[in-house]
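Letter by letter, the chains look like this.
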Amino acid sequence: MANAIRALAMDAVEKAKSGHPGLPMGAADIATVLFTRFLKFDPADPAWPDRDRFVLSAGHGSMLLYSLLYLLGYEGVTIEEIKRFRQLGSITPGHPEHGHTPGVETTTGPLGQGLANAVGMAIAERHLAAVFGDDIVDHWTFVLASDGDLMEGISHEAIALAGHLRLKKLIVLYDDNAISIDGPTSLADLVDQVKRFESAGWAAMRIDGHDPAAIAAAIEAAKRSDRPSLIACRTTIGFGAPNKGGTEKSHGSPLGPDEIAAARQKLGWSAAPFEIPTDIRERWVAAGEANKPARLAWEKRLAAIAADKRAAFELRIRGEIGDALVLAVTSLKQKLAQEPKEIATRAASELALDVLTAALPEMVGGSADLTGSNNTRAKGMKILEASNYSGTFIHYGVREHGMAAAMNGMALHGGIIPYSGTFLVFSDYCRPAIRLAALMGQQVIHVMTHDSIGLGEDGPTHQPVEHLAALRAIPNLKVFRPCDAVETVECWQLALQSKHGPSVLALTRQNIPQLRRGFDEHNRCATGAYEMIAADSGPPIVSLFASGSEVTVAVEARKLLAARNIPARVVSVPCFALLLALSEGERAAVIGTAKINVAVEAGIRQGWDAIIGSAGTFVGMTGFGASAPHKDLYRHFGLTAEKVAEAALARLRK
Ligand SMILES: Cc1ncc(C[n+]2csc(CCOP(=O)(O)OP(=O)(O)O)c2C)c(N)n1
């Protein structure tokens, strides 16, 4: 049965003239034991909530996964699609893409991410089991990880978190073939992975990854463990290829016709390319059908639980949030209308979280060791920890990358809307995972505070300058930068309604006035930008655009211009992505037709031209910040109402 995987991988890579045969051939025995004897799944229902998760962290070995999905009978994963490996429009792309191919639990390729996603999936499983009971939530998370996965820094964050949380239902099968692209891993690495995992609180063992009995015994032992488990499976990369096997030559290129012929002979595989002997195919199909009774039994158990609990579970799995959100948002906006607040937007976010987390139990929050600074722990939230998985707040430790990737895993698992916190400047430490959330269309929400030089004394190491632009460059990511308490609540609402992509909320450390007064039921941030204050003496000559804390600066600048009889309007721009997604006409209406466009933001100009045009004037940062109290910094860098007004006047004089 394992040779069927090997043959398909060799043949598909050969036909595509590119790809990675080494991993599928080396790990075929591990995968065969796992999928035929342990993994709980049903190809007839790839989204079955209580299925075991299998994450191929080493995404370059995609043909391992595609071979399995084909052999097990996943709908759509046909032999034709295997033959179209890596071709435009196929469901067998170079690296596995979630949402593209049934049975692919997460998008992998950037090494280390899958492993960290799996930690999030395992957290989600424990949490939902604690909330809804083992009757309906009781599954395992398996990972196949390579040398490269374990060399990546993110693996350190992920395994430390998993060990700390005692995620005993997480099992990592390590394809320990000691080969990577450049050659033997000894070129660059001498880490003893078993010791490393043990030191992080895991159970770890070494086995022969080509011995089915040893693989099965190890998985059984891992299932009995009270902690997460690493099974280091010693394998031969490209197993079966007589000359290239065991070397980097089998890692990432077609083996070539001669080597394939020799491998077929060595493996005793005489079937033609892309053909699987009937008896072997039947055994694979039978393995694919083996768990149907388990799924039907689960459906019965689900039907038997209390109706309200079942409804809550199903709603969460479907990712629907119902009316609770709008009610919570409306009541908070009413409160802010009655009692305006001059507070930092991070503090406004905490006010929002107090009501939102109370209304939406699917929100699981956290912070990378900046809880008090990010204001992400709302009232009444209990800690999610090994002794209480029903908690909803995670202390991720100083592990931004692992946190962001684990959040992706939770979102992929389903039933949870993960949000978390760090400083905006450290979005760089999360970026690869944020990008993958955007690519996969997963709802994760990053609260990123201390969003500009306005954070003050910590200085340029902590002051984001290019980060808003860099994040806005990621497709399908919404970057929100609200200008006051009301916009903060509205942006939270929009992030929670963005079911098919991640959001970043960039929030201030410093207090700012509440500009939005009175109650407006309508979410004004929904269009990404809107006219906050119209020009008060005739048609506007100047449009002042700003986001976040600089909207206050624009409002003051408008007054200075008005004093000189220059009519100016203020447009708040909390979210570029939403503004740029409007129809051309709608967008043009928001941007307006004033003679002069001026934008002010405590960041770099990049991206603003789409709004103010290349002829527009930008008041912002052109280099790094400095260490000083925030008001001094705003003056020093010219982010003041006077400078903004002057910039507009200078244009008028031209
Ligand atoms: C973050 C990241 N860096 C680099 C790569 C390019 N790359 C793909 S596979 C690989 C290493 C291959 O070694 P290993 O993980 O042991 O896989 P194997 O050779 O066993 O297939 C590298 C560097 C990548 N996919 N992701």
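Residues numbered from 1 in each chain as written. Predicted model: local features only at pLDDT ≥ 70, side-chain atom pairs only at ≥ 80, totals over all residues. Heavy atoms only, no water.

**What about the pairing of strand 4 (residues 203-208)?**
Short version of the rule: One bridge is not enough; two strands pair if DSSP finds at least two bridges between them. Secondary structure elements follow DSSP: runs of H or I of four or more residues count as helices, runs of E of two or more count as strands, with numbering from the N terminus. Orient the strands so they point away from the viewer; a crossover is then right-handed if the path from the first strand over the helix to the second runs clockwise.
As paired strands, strand 4 and strand 5 (residues 229-234) are joined by 6 bridges and run parallel to one another. Across the sheet, the residue bridging to I207 is C233, located in strand 5. Handedness of the β-α-β unit built from strand 4, helix 9 (residues 212-224) and strand 5 comes out right-handed.

**What to know about the site of the ligand**
Heads up, the condition is: The nearness test applies per residue and asks whether one of its heavy atoms lies within 4 Å of the molecule or strand. Throughout this description, a polar contact denotes any pair of N or O atoms lying within 3.5 Å of each other; where both atoms belong to protein, one of them has to be capable of donating a hydrogen while the other can accept it, and for residues adjacent in sequence the pair is counted only when both atoms sit in side chains. The Shrake-Rupley method, run with a 1.4 Å probe, gives the accessible areas here. Residue values count only the displayed protein chains as cover. Gly is placed with the polar residues, together with every amino acid not listed as nonpolar (Ala, Val, Leu, Ile, Met, Phe, Trp, Tyr, Cys and Pro) or charged (Asp, Glu, Lys and Arg).
Close to the ligand lie 15 residues, the nearest being H60, S146, G148, N177 and H251. S146 places a polar side-chain atom, nitrogen or oxygen, 2.6 Å from an oxygen atom of the ligand. In the environment of the ligand, an oxygen atom lies 2.6 Å from a nitrogen or oxygen atom belonging to the side chain of N177. Burial of the ligand by the protein chains amounts to 73% of its free accessible area of 580 Å². When grouped by side-chain class, the residues that make up the shell around the ligand number 6 nonpolar, 7 polar and 2 charged.

**Some thoughts on the sheet that holds strand 1 (residues 53-56)**
Pairing between the strands of a sheet comes from backbone hydrogen bonds, and it takes one of two forms, parallel or antiparallel. The condition is simple: To define axes, lines are fitted to C-alpha atoms, for helices over the stretch in contact only, and angles between the resulting N-to-C directions are given on a 0 to 180 degree scale. The contact definition used throughout considers only heavy atoms, calling two residues in contact when any of these lie within 4.5 Å.
On the basis of which strands lie adjacent, the open sheet formed by 5 strands has the order 1-2-3-5-4 and parallel pairing. Each edge of the sheet is formed by a strand with only one pairing partner; in this case those strands are strand 1 and strand 4. When the angles between neighbouring strand axes are averaged without regard to direction, this sheet yields 15°. Of the strand pairs in this sheet, strand 1 and strand 2 (residues 141-145) are connected by 4 bridges, and their pairing is parallel. Pairing of L56 across the sheet is with L144, part of strand 2. Packing against the sheet, helix 9 makes contact with strand 2, strand 3 (170-176), strand 4 and strand 5, and its axis sits at approximately 170° to strand 4.

**Describing the packing of aromatic side chains**
Note the cut-off: Any pair of Phe, Tyr and Trp rings, taking the six-membered ring for Trp, is counted once the centres come within 6.5 Å. Such a pair is stacked with planes under 30 degrees apart, edge-to-face with planes over 60 apart, and tilted for the rest. In this scheme, the term charge over a ring applies when either NZ of a lysine or CZ of an arginine sits within 6 Å of the ring centre and within 35 degrees of the ring normal.
With the rule as written, the count across this model stands at 13 aromatic pairs. Seen from their ring centres, F41 and Y74 are 6.4 Å apart, and the 10° between their planes marks the pair as stacked. Placement of F41 in the loop between helix 2 (22-38) and strand 1 and of Y74 in the loop between helix 3 (62-72) and helix 4 (79-83) is noted, with a sequence separation of 33 residues between them. A ring pair is formed by F576 and W608, whose centres lie 4.8 Å apart and whose planes are at 85°; its orientation type is edge-to-face. On the criterion of sequence distance, the pair formed by F576 in helix 22 (residues 576-580) and W608 in the loop between strand 15 (596-600) and helix 24 (609-612) is long-range, its members being 32 residues apart. Here a set of aromatic residues connected by ring pairs shows up, and it is made of F35, F41, F54 and Y74. Here the guanidinium or amino end of K169 rests over the ring plane of W140, the centre of that ring lying 5.5 Å away. Taking NZ or CZ as reference, R472 lies 3.7 Å from the ring centre of F576, over its face.

**Focus: the nonpolar core**
In a soluble, globular protein the nonpolar side chains are often hidden away together inside. Convention followed: Buried residues of nine kinds, namely Ala, Val, Leu, Ile, Met, Phe, Trp, Tyr and Cys, make up a nonpolar core once their side-chain atoms join them within 4.5 Å. Throughout, exposure labels follow a simple rule: accessible area from a 1.4 Å probe, protein chains only, divided by the maximum for the residue type, with under 20% read as buried, over 50% as exposed, and the rest as partly exposed.
If you look at the biggest cluster of nonpolar residues, it comprises 71 residues, and the most contacted ones within it are I123, L167, L170 and W202. With 11 residues, the single largest contributor to this core is helix 5 (residues 113-132). Excluding anything up to four places from it in sequence, W202 contacts I159, A162, G163, L170, V172, F197, R227, P228, S229 and L230.

**Details of the layout of surface pockets**
Counted only if it meets this: Only protein atoms enter the 1 Å grid used here. Points where a 1.4 Å probe fits but cannot escape make up a cavity, open sets with protein on both sides within 12 Å along at least five of seven lines make up a pocket, and a residue lines them when an atom lies within 4 Å of a point. Grid points are joined across faces, edges and corners, and a volume is the space filled by probe spheres set on the points.
Here the largest pocket defines a volume of roughly 680 Å³. The wall of the largest pocket is formed by 33 residues, among which I317, A411, L412, G414 and Q442 lie closest to the centre. For the lining of the largest pocket, the elements supplying multiple residues, two or more each, are helix 13 (307-318) and helix 17 (400-413). Lining the second largest pocket are 17 residues, with T552, V553, H630, K631 and Y634 sitting closest to its centre. Those elements that place two or more of their residues in the lining of the second largest pocket are helix 21 (550-563) and helix 25 (630-636).

**A few points about helix 5**
How we decide: By this rule, a helix spans an expected 1.5 Å times one less than how many residues it contains.
With 20 residues, helix 5 ought to run about 28 Å at 1.5 Å a step, and its terminal C-alpha atoms sit 28 Å apart, in line with that. Of all 20 residues in helix 5, 18 are buried, a share of seventy percent or more. Immediately beyond the C-terminal end of helix 5, within one or two residues, lies G133, with a positive phi of roughly 100°.

**Comments concerning the side chain of R264**
With respect to the helices, strands and loops of the structure, R264 is situated in helix 10 (residues 257-267). Look past the residues within four positions of R264 in its chain and what remains in contact with it is A7, M10, D11, W269, A271, A272 and P273.

Read these as spatial facts, not as claims about activity.
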